[in-house]
Structure formats: structure tokens, C-alpha cells
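Listed here are the chains, written in short residue letters.
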Amino acid sequence: MEVLKTHAVYGGTLRYLRHDSAVTGTPMTLSVYVPPGEGPFPVLIWLSGLTCTEDNFTSKAGAYASAGEHGLIIVAPDTSPRGEGVADDPAYDLGQGAGFYIDATQTPWAKHFRMETYVVEELIALIDVEFPTTGTRAISGHSMGGHGALTLALRHPELVRSVSAFAPISSPTRCPWGEKAFTAYLGEDRAEWAKHDAALLIEAGTARGHFGDILIDQGDADPFLVEQLKPELLTAAGEAAGQAIRLRMQPGYDHSYFFMASFIADHVAFHAERLKL
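Sequence order sets the numbering: in each chain, residues are counted from 1 along the sequence as written. Thresholds applied to this predicted model are a pLDDT of at least 70 for local features of residues and 80 or more for the giving and counting of side-chain atom pairs; totals over whole chains, interfaces and linings are not thresholded and use all residues. In computing side-chain values, all of the structure's heavy atoms are included and hydrogens and water are not.

Chemist: With reference to specific residues and values, describe the overall build of the chain.
Modeler: Under the DSSP-based scheme used, a helix requires at least four consecutive residues in state H or I and a strand at least two consecutive residues in state E, with every element numbered from the N terminus. Regarding its fold elements, the chain presents ten helices and nine strands. For 277 residues, the compact-globule estimate of 2.2 N^0.38 gives 19 Å, and the C-alpha radius of gyration of the chain, at 17 Å, lies within 12% of that figure. When the backbone C-alpha atoms are referred to their principal axes, the chain occupies close to 50 × 45 × 35 Å. Every one of the 277 residues in the chain was classed for burial, and the buried ones make up 60%. Computed by Shrake-Rupley with a 1.4 Å probe, the accessible areas treat only the displayed protein chains as cover when residues are assessed. Accessible area of the chain: about 10,600 Å², with a carbon and sulfur share of 51%. Taking the 20 positively charged and 34 negatively charged side chains of the chain as two groups, their mean positions are separated by 3 Å. In this setup the radius of gyration rests on C-alpha atoms only. A globule is expected at 2.2 Å times the number of residues raised to 0.38. Each residue gets one of three labels from its accessible area relative to the maximum for its type: buried under 20%, exposed over 50%, partly exposed in between, using a 1.4 Å probe on protein chains only. By the counting scheme adopted, Arg and Lys are positive, Glu and Asp are negative, and His together with the chain ends is not counted. To locate a charge, take atom NZ for lysine, CZ for arginine, CG for aspartate or CD for glutamate.

Written as C-alpha cells, this is what we have:
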């Protein structure tokens, strides 16, 4: 891994890194915060939302004071493959910066857009080799990344002990962002879409009981709440399947990183408690 930048933060070390990915066929960038001490440490994987790179969370979320206090490594990868020869779209909600944490099957996206395999196979293995980890991990994310955190945890429960999300796209098969991206990346077969829909996975009983409760924070002033995010579909699915969903509606908060910065310490503590059991 190539180290691009290094910063001392809250007694620990933050690195911006780049490596050549065998999965996406492109260079991939990420940030890794390692808390003070010798380790080994559990890992929190953070997945960001539409238009983001690894830098949005790293520079705006304010997570590292809590991570240092609780002794967590935090890994924040980019949201998609990028570069010359990588398919893209002029819209912000498709293509580079909008990988949706799935493996595309449709042309021209399938060649590089393999973000599910990248995160659950290549990235996790790379972090465990390169950093002093305990081999235990949690996952969280925002918006598109909240969708990613929930679906990857539900689809691969053996890899993570806990999952949370900020303003996740709760049911991408039933909102414009998801319908557009899934049509492009996966084709017209909605049965394939359903395999990457958190609300439908929970409703089907996927990984029921594996995580205990799932923590969701959602601002009630979020402009995307009604049309795109639909957290009520998660709680309804949880009630139907017996999966505890702790949805916290936060009055006055929007979709921005100001919202995440206000509650990120709660999420770090939530995961730290479960990772250290």
C-alpha cells in the first residue's frame, strides 16, 4: 500500500493510502485511523454516500476522538472505482462516486464496479494483513453507504459483529436512487435487486438475531427522507421478522456531515461495546 499522507490525530495515526485492486482493476484509495497503543485493535469499516470519496468522512465526521478513546481502527474506503477507462455517467447518482456497494453485472459497469467483493474480500483481508487488528470488525455508513453497511452485514454476517447507519437508503428497490442504479448495474430483474435491499433482507429473516439491535440515526429535516430513505420500511421489516431496529429520529437534523458529526461518538461507542464482548 502506498502512503499518500500521514497525520497524528488524538494520539493515533491517520493515513491516506492507495493500492492497486485486483477486484476493481483500478487503484483504490482509503483512509485508516489507528488508535494509540500497540494493539491489536478491532476495526470499524465506514462506507460513505453518493459523490463522496474517502476524504468526506475522514475530514468531516469527527470520529477519531471516540475511536482513540475506545481503541478502534477506522477504515474509510472510496465509494467506487475511478480513473481513465472506468465507466461513468454525468449524473451524481450513477457511475464514479456511486458504486452502491454491489457487484455490477451489466455492461459497461461490470468490468470495474465490484464494490461488494472489494469491501468484503479484498479490503478486509488487506487491512488484517497491514494493520494490528483483532480480526473482529463492525460496519457503518451514511446514505448510500448506510445501504451498503446494512446489506453487506446482512449478506455476510460472519464478517461483522455489529452494524449501524446514518440516514440509509433503506429499500433501494422502492426509491428513485436505487431503482436507477440497480437498473444500470444489475439489469431489469427485480429478484436480483431484492438481494441488495436491506428492508427486504431483514423481512426475509436474513441474519436474524446475529447482531442483536441495529442502530439507525435519521434526521427529521432530511430533504431525502420521504422519497429516497424511507426508514419506516426498516422498522416494519424488523417488526415482521423479529429483528431489533433501534431507529432514532433526530429533530431538526438534515442529511449533511453536521448530522453525522453530532452523533458519531454514539455509533463508535455502540460498536466498541459489541466488538469487545
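Chemist: Tell me about the packing of aromatic side chains, and name the residues and values.
Modeler: The rule is short: rings of Phe, Tyr and Trp, with Trp giving its six-membered ring, pair when the centres are within 6.5 Å, and they are stacked under 30 degrees, edge-to-face over 60, tilted in between. Within this structure, the stated rule accounts for 14 aromatic pairs. Look at Tyr 253 and Phe 263: their rings are 4.9 Å apart centre to centre, the planes differ by 70 degrees, and that puts the pair in the edge-to-face class. Placement of Tyr 253 in the loop between strand E9 (245–250) and helix H10 (257–275) and of Phe 263 in helix H10 is noted, with a sequence separation of ten residues between them. Given the relative accessible area of 28%, Tyr 253 is considered partly exposed.

Chemist: Kindly report on the environment of Phe 263, identifying the contributing residues and their values.
Modeler: By relative accessible area, which is 12% here, Phe 263 ends up buried. Taking the C-alpha atoms as reference points, Phe 263 and Phe 166, separated by 97 residues in sequence, lie 9.1 Å from one another. Beyond its immediate chain neighbours, meaning those up to four positions away, Phe 263 contacts Phe 166, Asp 217, Arg 248, Gln 250 and Tyr 253. Only heavy atoms enter the contact rule, under which two residues are in contact if any of them lie within 4.5 Å.

Chemist: Describe in detail the nonpolar core, supporting the description with residues and values.
Modeler: Take the buried residues of types Ala, Val, Leu, Ile, Met, Phe, Trp, Tyr and Cys, join any two whose side-chain atoms come within 4.5 Å, and each joined set is a nonpolar core. Core analysis: the biggest nonpolar cluster contains 88 residues, and Val 32, Phe 57, Phe 100, Ile 139 and Tyr 185 have the highest contact counts within it. Residue contributions to this core peak at eight residues, all from H10. The contact partners of Phe 100, leaving out residues within four places of it in the chain, are Leu 50, Asp 93, Met 144, His 147, Ile 169, Trp 177, Gly 178, Ala 181, Phe 182 and Tyr 185.

Chemist: Break down unusual backbone geometry for me, citing the residues and quoting the values.
Modeler: Between Gly 39 and Pro 40 the backbone carries a cis peptide bond, its omega angle lying at 5 degrees. Structurally, Pro 40 can be placed in the loop between strand E3 (27–34) and strand E4 (41–47). Despite not being glycine, Ala 207 has its phi angle at roughly 60 degrees, a positive value. The topology assignment puts Ala 207 in the loop between helix H7 (198–203) and strand E8 (214–219). In this structure Ala 207 comes out as buried when scored by relative accessible area, which is 17%.

Chemist: Summarise the sheet that holds strand E7 (residues 162–166); cite the residues concerned and give the values.
Modeler: Strand order in the open sheet formed by nine strands is E1-E2-E3-E5-E4-E6-E7-E8-E9, with mixed pairing between adjacent strands. Among the strands making up the open sheet, the edge pair consists of strand E1 (2–9) and E9. Put simply, the sheet's adjacent strands are angled 20 degrees from each other on average, direction ignored. Pairing between two strands requires that DSSP report at least two bridges joining them. In terms of strand pairing, E7 meets E8 through three bridges, oriented parallel. Bridge assignment links Ser 164 to a residue of E8, and that residue is Leu 215. To obtain each axis, a line is fitted to C-alpha atoms, and for helices this fit is confined to the stretch in contact; angles are then taken between N-to-C directions over 0 to 180 degrees. Of the strands in this sheet, strand E2 (12–20), E3, E4, strand E5 (73–77) and strand E6 (133–141) touch helix H3 (residues 115–130), which is tilted by about 50 degrees from E3. Strand contacts of helix H4 (residues 144–155): E4, E6, E7 and E8, with the helix running at about 130 degrees to E6, the strand carrying the most contacts.

Chemist: Residue-level account of H3, with values.
Modeler: The term bend refers to the angle at a residue between two fitted axes, each drawn through seven residues, those ending there and those starting there. The sharpest bend along H3 reaches about 30 degrees and sits at Leu 123. Among all positions in H3, only Met 115, Glu 116, Thr 117, Tyr 118, Val 119, Val 120, Glu 122, Leu 123, Ile 124, Leu 126 and Ile 127 are buried. Tucked into the core, H3 has its buried residues touching E2, E3, E4, E5, E6 and H4.

Chemist: If you had to explain the state of the cysteines to someone new, which residues and values would you point to?
Modeler: Cysteine sulfur atoms that come within 2.5 Å of each other are treated as a disulfide pair. Throughout the structure, instances matching the rule amount to zero disulfides. The structure places no disulfide on Cys 52, whose sulfur is separated from the nearest cysteine sulfur, that of Cys 175, by 17 Å. Residue Cys 52 is classed as buried on the basis of its relative accessible area, which comes to 6%. The exposure class of Cys 175 is buried, given its relative accessible area of 1%.

Chemist: Summarise the pairing of E4; cite the residues concerned and give the values.
Modeler: Counting buried residues along E4, seven of its seven residues qualify, which places the element largely inside the surrounding structure. Where E4 lies against E6, six bridges are found, and the strand directions are parallel. Its bridge partner being in E6, Leu 47 is matched across the sheet by Gly 141.

Chemist: Run through the environment of Leu 186, naming residues and quoting values.
Modeler: On the secondary structure map, Leu 186 appears in helix H5 (residues 176–186). Excluding its chain neighbours within four sequence positions, the residues that come into contact with Leu 186 are Ile 102, Asp 103, Thr 105, Gln 106, Ala 181, Glu 192, Trp 193 and His 196.

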